[in-house]
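Now for the letters of each chain:
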Amino acid sequence: MSTVAKGMFTVEMKPQAEPGTVDGVSLGRMSLDKQFEGDLVATGKGEMLTALTPTKGSAGYVAIERVAGTLQGRSGSFVFQHSGTMDQGAQRLSITVVPDSGTGALAGISGVFKINITEGKHFYEFEYSLP
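This is a predicted model, so every value here is computed, not measured.

1. Here we look at the side chain of Ser-31
Mapped onto the elements of the fold, Ser-31 is located in strand S3 (residues 25–38). Judged by its relative accessible area of 11%, Ser-31 is buried. A distance of 3.2 Å separates the side chain of Ser-31 from the side chain of Gln-16, its partner in a polar contact. Discounting chain neighbours no more than four positions away, the residues touching Ser-31 are Glu-12, Met-13, Lys-14, Gln-16 and Gly-46.

2. Some points on unusual backbone geometry
A positive phi angle, near 50°, is found at Gln-88, a position not held by glycine. If you trace the backbone, Gln-88 turns up in the loop between strand S6 (74–87) and strand S7 (90–97). Gln-88 gets classed as exposed once you look at its relative accessible area, which sits at 61%. The phi dihedral of Asp-100 falls on the positive side, at around 65°, and the residue is not glycine. With respect to the helices, strands and loops of the structure, Asp-100 is situated in the loop between S7 and strand S8 (110–118). Taking the relative accessible area as the measure of exposure, Asp-100 reaches 75% and is therefore exposed.

Analysis parameters
- Going along each chain's sequence as written, the residues are numbered from 1 onward.
- Two thresholds apply to this predicted model, a pLDDT of at least 70 for residue-level local features and 80 or more for giving and counting side-chain atom pairs, whereas whole-chain, interface and lining totals are computed over all residues.
- Each side-chain value is derived from all of the structure's non-hydrogen atoms; neither hydrogens nor water enter the calculation.
- Each helix is a run of H or I in the DSSP string that is no shorter than four residues. Each strand is a run of E no shorter than two, and both are numbered from the N terminus.
- The cut-offs for exposure are 20% and 50% of the maximum accessible area for each residue type, with area from a 1.4 Å probe on protein chains only; residues under the lower value are buried, those over the upper are exposed, and the others partly exposed.
- Pairs of N or O atoms are called polar contacts if they sit within 3.5 Å, as long as, within protein, a hydrogen donor faces a hydrogen acceptor (for residues adjacent in sequence, only side-chain-to-side-chain pairs).
- Contact between two residues is taken to exist if any of their heavy atoms lie within 4.5 Å; hydrogens are not considered.

The structure is reproduced here in structure tokens:
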């Protein structure tokens, strides 16, 4: 049986190196620092790899992010795996919990994380299961 957690988060991204550009495609690396509020009160820290193409609205990224804090009263940590693409503005995003990455009271967690950006604010819905 799954449960849905909802709330907001802020994110700060910092370049970790100068992007390398070949034939108009830039490959970059960023650090992620997040603060989650709502049903998930936690911090997220991770690394993101990006590919920006010369076509407006076409790009891709992958990231790994460790989230540590409290999820609806249960403390621990887990890891998100991100994969996102934009095809001339059309977005596809997949964020899932890495199997067996949960610790503490979040051991055994699985789930899917969805982001909705409205008026510059980041909202989430996290559908998860715990044993």
